[in-house]
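So you can see what is in the structure, the chains are spelled out below.
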Amino acid sequence: MSLFPEYDVIVVGAGHAGCEAAIAAANMGSKVLLVTMNMETIAKMSCNPAMGGVAKGQIVREIDAMGGYSGIVTDHTMIQFRMLNRSKGPAMWSPRAQSDRMRFAEKWRLMLEEHPNVDFWQEMIGGLIIKDGAVKGVITSLGLEIPGKSVVLTNGTFLNGLIHIGEKRLGGGRAGESAAKGITEQLVDLGFESNRMKTGTPPRIDGRTINWDIMEVQAGEDPAGKFSYTDTPKLLEQRPCHITYTNEKVHEILKTGFDKSPMFTGRIQGLGPRYCPSIEDKINRFSDKDRHQLFVEPEGWNTCEVYLNGFSSSLPEDVQFKALKMIPGFENAKMFRPGYAIEYDFFQPTQLKMTLETRLVRNLFFAGQINGTTGYEEAACQGMMAGINAHLAINEQDGFVMQRSDSYIGVLIDDLINKGTNEPYRMFTSRAEYRILLRQDNADIRLSPLAAAIGINVDERMLRVEAKKKADAEIRQFFENYSVEPSEVEQYLVSLGSTPMQQKMKLIKVLLRPDVSIVGLAAVLPRLSDFIAQFDPEFVEYAEINAKYAGYIEKEQEMADKMKRLESVRLLDSFDYALIQGLSLEAREKLNRMKPTTIGQASRISGVSPSDISILLVHVGR
C-alpha cells in the first residue's frame with residue numbers, strides 16, 4: 001500500500017505564498033498536499049508582525065475578494081488597524097494592521113486543518129520528479145516519492161539560505177531553521193537561471209526593558225477598519241505602537257562595525273531591498289541624515305517581545321547591542337536575539353508564463369520570494385494565483401490571468417514576467433498606471449465576479465457586491481435629486497473654509513467641493529442622516545468616492561479599455577519573430593524568448609518599441 005495517493009497539487013513551503021496556494025487549489029476542488037520542513041512554523045511572520053501598508057493593503061483586500069484567507073486571518077488576529085495616506089486621495093489610501101504573530105500563524109493553521117482537501121507532510125523536499133517535460137511529484141529528503149499532477153514551489157528564503165551576523169555565517173532559511181538544498185541545483189541542471197538575493201531583519205527586544213514614556217505614541221484608527229469583505233470580528237480594543245529615532249551617537253557606534261559588515265566586505269553577493277535597507281546601509285547611503293525614524297511594534301496581545309522596525313542589521317551582535325542602548329527609550333533594553341541578513345536563491349520570473357507556470361517544465365509553478373519579490377502580501381497573492389492556475393492546468397482549463405487594469409496583483413505579475421527583477425520587488429501605488437481604478441474600497445467590485453466566473457465560491461462576497469452596487473446607485477440618486485438651501489449648510493461650509501452658497505443647489509454639487517463629505521453633510525442635514533443610516537458605512541464611503549471622482553474614474557477607465565483592446569489580440573506561442581521583417585533585432589530576440597500571449601503583453605517587454613508593436617499589429621491583420 002502506497003504511503004501517498006497522487007495529489008492534484010503539491011505545495012512546497014508553508015509561508016504566506018504556500019498557504020494561499022494550498023487553500024486556493026483546495027477551494028476549487030483539488031486534493032492538496034502542503035509540505036513544510038516544520039509544522040510549527042506554518043504561516044509564520046518571519047519579519048515584522050504586520051499586514052498591509054502602502055499598495056500592500058490593496059493586495060490583501062484583492063486576495064480576500066478572490067476568496068483568499070489572508071484578510072480573514074488578519075482581521076481575526078490584529079491588535080491595531082490604521083488607514084495610511086488618509087491626507088491624500090482615495091487611490092492612495094492603504095489599510096495596514098499590526099498582528100499578533102502567534103495568533104496569526106495559529107489561525108492560518110487551524111483554517112487549513114479544517115479544510116478536507118488539504119493534507120500535510122513535514123519534511124524537506126530535495127527534488128522534483130520530472131518526466132516528459134512535466135512535473136510528476138516531489139522527492140523528500142528521506143527519498144520518499146510523492147506523486148502529484150502539479151507542484152507549486154513557494155520556498156521563500158530557504159533555498160540554500162545563508163544567515164549573516166557580522167563575520168559569522170550560518171546555513172539556514174530563518175533563525176533556528178535549516179536551509180533547503182537540492183531543488184536549486186536540479187532546476188539549474190534543467191536550464192533555469194538562478195541568482196542570489198538578500199533580506200534582513202532587526203533585533204527583537206524585551207518590551208519590559210523599554211522606557212515607553214519618552215517615545216511618541218502611534219495609536220490605531222478609531223473605529224478600526226478591517227480587510228475582509230466577509231463577516232469577520234470588529235477590533236474594539238487596540239495596542240499602540242511607538243516612534244523613536246536614531247541619533248549621531250547610534251550612528252557612530254554602528255560605524256565601528258562596518259569593517260565586519262558582510263554587506264560592506266562583499267561576503268553577501270545578493271542584492272537587498274532598495275526600499276527597506278538595513279540601518280547600516282541607511283547610514284552609509286544617507287550620510288547627511290543625523291537621525292532615522294524607528295517604529296516600535298508589539299508582537300502580540302500578551303507577549304513582551306517587540307519588533308524594532310527600521311533597525312534591520314547584519315552587524316556583529318555586540319555592535320547592534322551597544323548602538324541599541326543609545327536609542328531614546330532603549331537605554332536599559334535587553335535583546336531576545338540580534339538582527340541578521342539572509343541570502344537565498346531566486347529564479348528570474350521572466351522564466352514563467354503569466355499564469356506563474358514555468359516555461360521549461362509543465363505544471364510546475366513558482367510563487368513568492370523564489371520569484372524575486374519581498375513582503376508577505378506580494379508572496380500571498382502570487383501563491384493564490386499559482387494555486388488557482390495549478391488547479392486549472394491539471395483540469396485542462398485556460399489559465400487565469402489578471403490585467404494591469406484589474407488589480408495590483410495583475411500589475412505585480414505583469415511586472416515580474418515582462419521586466420524581471422534584480423532586486424527584491426516590492427509593490428507601490430506608483431507602479432500601477434490605473435490606481436484610481438484599483439482602490440482598496442472597490443477590490444470586491446473588481447474581483448469577486450472574476451473569482452465566481454472561474455469556479456471559486458465567493459457567494460457571501462457576491463451578495464455584498466450586489467448590495468454595495470445597489471447602495472451606490474441609491475445614494476447617487478438621492479444626492480442628484482435632493483436640493484439644499486444655503487442656510488442649511490452655511491455653517492458647515494464656513495468651518496471648512498469653503499465659499500458659502502448663494503442659491504439653492506443640488507446636494508451632489510455641494511458634495512463635489514473639496515473637503516466636503518457625506519458624513520459631514522449628514523451632521524447638519526437630518527434628512528440625509530436618516531437616509532444614510534440604512535447603509536453600511538463602507539458602502540457610503542464607496543458611493544462618495546465614486547461621486548467625487550467620477551470624471552477621473554471615467555477617463556482612466558477609457559484608457560484601460562484602450563489597452564484591453566491590445567490584450568485581446570492574441571499571439572501564438574509558435575510564432576517565430578525572427579522571420580518578421582522590420583522588427584528590431586532586440587525585439588526579435590526578446591519576443592522569441594518571452595513568447596508573449598498578447599500584443600498588450602508584448603508592448604510591456606523592455607526593448608520592444610512602439611514601432612515594433614505597430615509592425616506586429618500589421619502582421620496579425622490589425
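Computed from a predicted model, the values in this text were never measured in an experiment.

Analysis parameters
Residues numbered from 1 in each chain as written. Predicted model: local features only at pLDDT ≥ 70, side-chain atom pairs only at ≥ 80, totals over all residues. Heavy atoms only, no water. Disulfide = S-S within 2.5 Å. Pairing = 2+ DSSP bridges. Helix = DSSP H or I, 4+ residues; strand = E, 2+ residues; numbered from the N terminus. Axes fitted to C-alpha atoms, helices over the stretch in contact; angles between N-to-C directions. Phe/Tyr/Trp six-rings, centres within 6.5 Å; stacked < 30°, edge-to-face > 60°. Buried < 20%, exposed > 50% of the residue type's maximum accessible area, 1.4 Å probe, protein only. Polar contact = N/O pair within 3.5 Å; in protein donor to acceptor, adjacent residues only side chain to side chain. Contact = heavy atoms within 4.5 Å. Parallel < 35°, antiparallel > 145°, perpendicular 65-115°, else oblique. Nonpolar A, V, L, I, M, F, W, Y, C, P; charged D, E, K, R; others polar. Left-handed = near helix turned anticlockwise from the far one by under 90°.

S.K.: Requested: an account of the state of the cysteines, with residues and values cited.
M.R.: The tally for this structure, following the rule as stated, stands at zero disulfides. Free of any disulfide, Cys19 has its nearest cysteine sulfur in Cys381, 14 Å distant.

S.K.: Help me get a handle on the sheet that holds strand β14 (residues 216-218), residues and values and all.
M.R.: On the basis of which strands lie adjacent, the open sheet formed by six strands has the order β14-β15-β16-β17-β13-β18 and antiparallel pairing. A strand with exactly one partner marks an edge of an open sheet, and here the two such strands are β14 and β18 (335-337). Neighbour-to-neighbour, the strand axes of the sheet open up by a mean angle of 35 degrees, direction not taken into account. Here β14 pairs with strand β15 (residues 241-245) via three bridges, running antiparallel.

S.K.: Any chance you could break down the sheet that holds strand β10 (residues 162-165) for me, citing the residues and the numbers?
M.R.: Read from one edge of the open sheet, four strands run β11-β10-β19-β12, paired in antiparallel fashion. The sheet is open, and its two borders are formed by β11 (168-171) and β12 (194-201), each paired with just one other strand. Ignoring which end each strand starts from, the neighbouring axes of this sheet average 25 degrees apart. Pairing of β12 with strand β19 (residues 340-347) involves eight bridges; the strand directions are antiparallel. Within the sheet, the bridge partner assigned to Met197 lies in β19 and is Tyr344.

S.K.: Can you break down the packing of aromatic side chains residue by residue, with the values?
M.R.: Here the structure, examined in full by the defined rule, presents twelve aromatic pairs. Here the aromatic rings of Phe192 and Phe347 are separated by 6.2 Å at their centres, their planes lie at 85 degrees, and the arrangement is edge-to-face. A residue pair is termed long-range when its members are at least 10 positions apart, and Phe192 in the loop between α5 (183-189) and β12 and Phe347 in strand β19 qualify at 155 residues. This pair shows no difference in class: Phe192 is buried, exactly as Phe347 is. One aromatic cluster is present, formed by Phe478, Phe479, Tyr482, Phe531 and Phe535 through successive ring pairs.

S.K.: Before we move on, could you go through the side chain of Ser498 and cite the residues and values that matter?
M.R.: Here Ser498 shows up in the loop between α13 (486-495) and β22 (505-506). Owing to a relative accessible area of 16%, Ser498 belongs among the buried residues under this scheme. Within the structure, the side chain of Ser498 is placed 2.9 Å from the side chain of Arg513, a separation counted as a polar contact. Beyond its immediate sequence surroundings of up to four residues, Ser498 is in contact with Leu493 and Arg513.

S.K.: Give me helix α2 (residues 56-65): which residues, what numbers.
M.R.: Buried residues dominate α2, accounting for ten of its ten residues. Among the residues of α2, Lys56, Gly57, Gln58, Ile59, Val60, Arg61, Glu62, Ile63, Asp64 and Ala65 are the ones counted as buried.

S.K.: Describe in detail the packing of helix α6 (residues 248-255) against helix α8 (residues 317-324), supporting the description with residues and values.
M.R.: Relative orientation of the contacting elements α6 and α8 amounts to 170 degrees, with a least axis distance of 8 Å. By the criterion of interaxial angle, the relationship of α6 to α8 is roughly antiparallel. The residues of α8 that touch α6, namely those facing Val250, Ile253 and Leu254, are Val319, Lys322 and Ala323. Taken together, the residues that form the contact of α6 with α8 break down as five nonpolar, no polar and one charged.

S.K.: Give a detailed account of the packing of helix α12 (residues 459-481) against helix α17 (residues 537-548), specifying residues and quantitative values.
M.R.: Contact geometry of α12 with α17 gives a least axis separation of 9 Å together with a crossing angle of 55 degrees. Accordingly, the angle class assigned to the pair α12 and α17 is oblique. Where α12 crosses over α17, the two elements pack in a sense that is right-handed. Across the interface between the two elements, Arg464, Ala467, Lys468, Ala471, Asp472, Ile475 and Arg476 of α12 pack against Glu538, Phe539, Val540, Tyr542, Ala543, Asn546 and Ala547 of α17. By residue class, the composition of the contact of α12 with α17 is eight nonpolar, one polar and five charged.

So far we have only geometry, and geometry alone does not tell us how the molecule works.
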